[in-house]
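Close look at the chain arrangement
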Amino acid sequence: MQEQSIPSTSEPAATIRDISAHIVAFREFLNASWSCFGALRTQSIWEDTHTLLRKFLQANWSVLVESQLLVDGGRLAPYYTFLHQTLRESVPVEERPTHYVKCEMPGSRYDLIDRQVALLGLVSRLDTGSGVYPPFDHVEMYAVGTSKVLLAPFNMVRFRLAEVC
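Residues numbered from 1 in each chain as written. Predicted model: local features only at pLDDT ≥ 70, side-chain atom pairs only at ≥ 80, totals over all residues. Heavy atoms only, no water.

**Some words on the pattern of salt bridges**
What the rule picks out here adds up to two salt bridges. For Glu-104, the salt bridge identified is with Arg-158, shortest N-O distance 2.8 Å. Of the two residues, Glu-104 sits in strand E3 (residues 99-104) while Arg-158 sits in strand E8 (residues 158-163), which places them 54 residues apart along the sequence. The partly exposed category is assigned to Arg-158, whose relative accessible area is 25%. (Salt bridge = Lys/Arg side-chain N within 4 Å of Asp/Glu carboxyl O. Helix = DSSP H or I, 4+ residues; strand = E, 2+ residues; numbered from the N terminus. Buried < 20%, exposed > 50% of the residue type's maximum accessible area, 1.4 Å probe, protein only.)

**Concerning helix H1 (residues 20-41)**
Compared with an ideal rise of 1.5 Å per residue, which puts 22 residues at 32 Å, H1 spans 29 Å between its outermost C-alpha atoms and is within 8% of the ideal. At Trp-34, H1 is bent by approximately 50 degrees, the largest bend along its length. Within H1, burial applies to Ser-20, His-22, Ile-23, Phe-26, Leu-30, Ser-33, Trp-34 and Phe-37. (Expected span 1.5 Å × (residues − 1). Bend = angle between axes of the 7 residues up to and from the residue.)

**Examining the environment of Leu-30**
Considering the arrangement of structural elements, one finds Leu-30 in helix H1. We classify Leu-30 as buried; its relative accessible area is 0%. Along the sequence, Leu-30 and Tyr-133 sit 103 residues apart, while their C-alpha atoms lie 8.6 Å from each other. Beyond its immediate sequence surroundings of up to four residues, Leu-30 is in contact with Phe-56, Leu-57, Tyr-79 and Phe-136. (Contact = heavy atoms within 4.5 Å.)

**What about helix H2 (residues 49-69)?**
Here H2 is 21 residues long and its end C-alpha atoms lie 29 Å apart, about the 30 Å a rise of 1.5 Å per residue gives. Of all the bends in H2, the largest measures some 40 degrees and sits at Ser-62. When H2 is considered as a whole, its buried residues turn out to be Leu-52, Leu-53, Phe-56, Leu-57, Asn-60, Trp-61, Val-65, Glu-66 and Leu-69.

**Some thoughts on the packing of aromatic side chains**
Applying the stated criterion to the full structure yields 11 aromatic pairs. With a centroid separation of 4.6 Å and an interplanar angle of 70 degrees, the aromatic rings of Phe-82 and Tyr-142 are classed as edge-to-face. Here the residue Phe-82 occupies a position in the loop between H2 and helix H3 (83-86), and Tyr-142 occupies one in strand E6 (residues 138-143), the gap between them amounting to 60 residues. Judged by relative accessible area, Phe-82 falls into the partly exposed class, the value being 24%. (Phe/Tyr/Trp six-rings, centres within 6.5 Å; stacked < 30°, edge-to-face > 60°.)

**Some details on the side chain of Ser-33**
Note on placement: Ser-33 falls in helix H1. At 2.8 Å, the side chain of Ser-33 and the backbone oxygen of Phe-29 are in polar contact. (Polar contact = N/O pair within 3.5 Å; in protein donor to acceptor, adjacent residues only side chain to side chain.)

**A closer look at the packing of H1 against H2**
Two elements in contact, H1 and H2, have axes whose closest approach is 11 Å; the angle formed by their N-to-C orientations is 150 degrees. Overall, the two elements H1 and H2 adopt an arrangement that is roughly antiparallel. Relative to H2, H1 is oriented so that their crossing is right-handed. In this structure, H1 uses His-22, Ile-23, Phe-26, Phe-29, Leu-30, Ser-33, Trp-34, Phe-37, Leu-40 and Arg-41 to contact H2, whose residues at the interface are Thr-49, Leu-52, Leu-53, Phe-56, Leu-57, Asn-60, Trp-61, Leu-64, Val-65, Gln-68 and Leu-69. Per-class residue counts for the contact of H1 with H2 are 15 nonpolar, five polar and one charged. (Axes fitted to C-alpha atoms, helices over the stretch in contact; angles between N-to-C directions. Parallel < 35°, antiparallel > 145°, perpendicular 65-115°, else oblique. Left-handed = near helix turned anticlockwise from the far one by under 90°. Nonpolar A, V, L, I, M, F, W, Y, C, P; charged D, E, K, R; others polar.)

This is the structure in structure tokens:
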């Protein structure tokens, strides 16, 4: 994959590379392992299934995505965490992310190329919003610096590794 510097009107130039294949592989893993995870969640030893879900997603994100992308060091923003939360002064500098997953939707009416939009997580659409379960056919993302959360079909989004500036 070729690295390139892409200037933007809303963020400084940063090294950005396409990582869509990594996100597709993560999605495929979630879909394939979900029934095993569901069985684990129903066991009585887990009192807090929300914490279990968060740990399951983050652990697999770290192994399947972060460790594959940042082989020379660096930290990827945690899965399903707003980027600005991990950049606050209360987070030790050595734990702050150096990279995040930028989402782009070229050619759509929601063209996000010139905006700083970060991945929150993969979800499925519900009548009332979205939920964390298969087939993970939608992407939740947010405009950095705002509280605006966007939902888009998975196949419309391109994912890029971007440096935190």
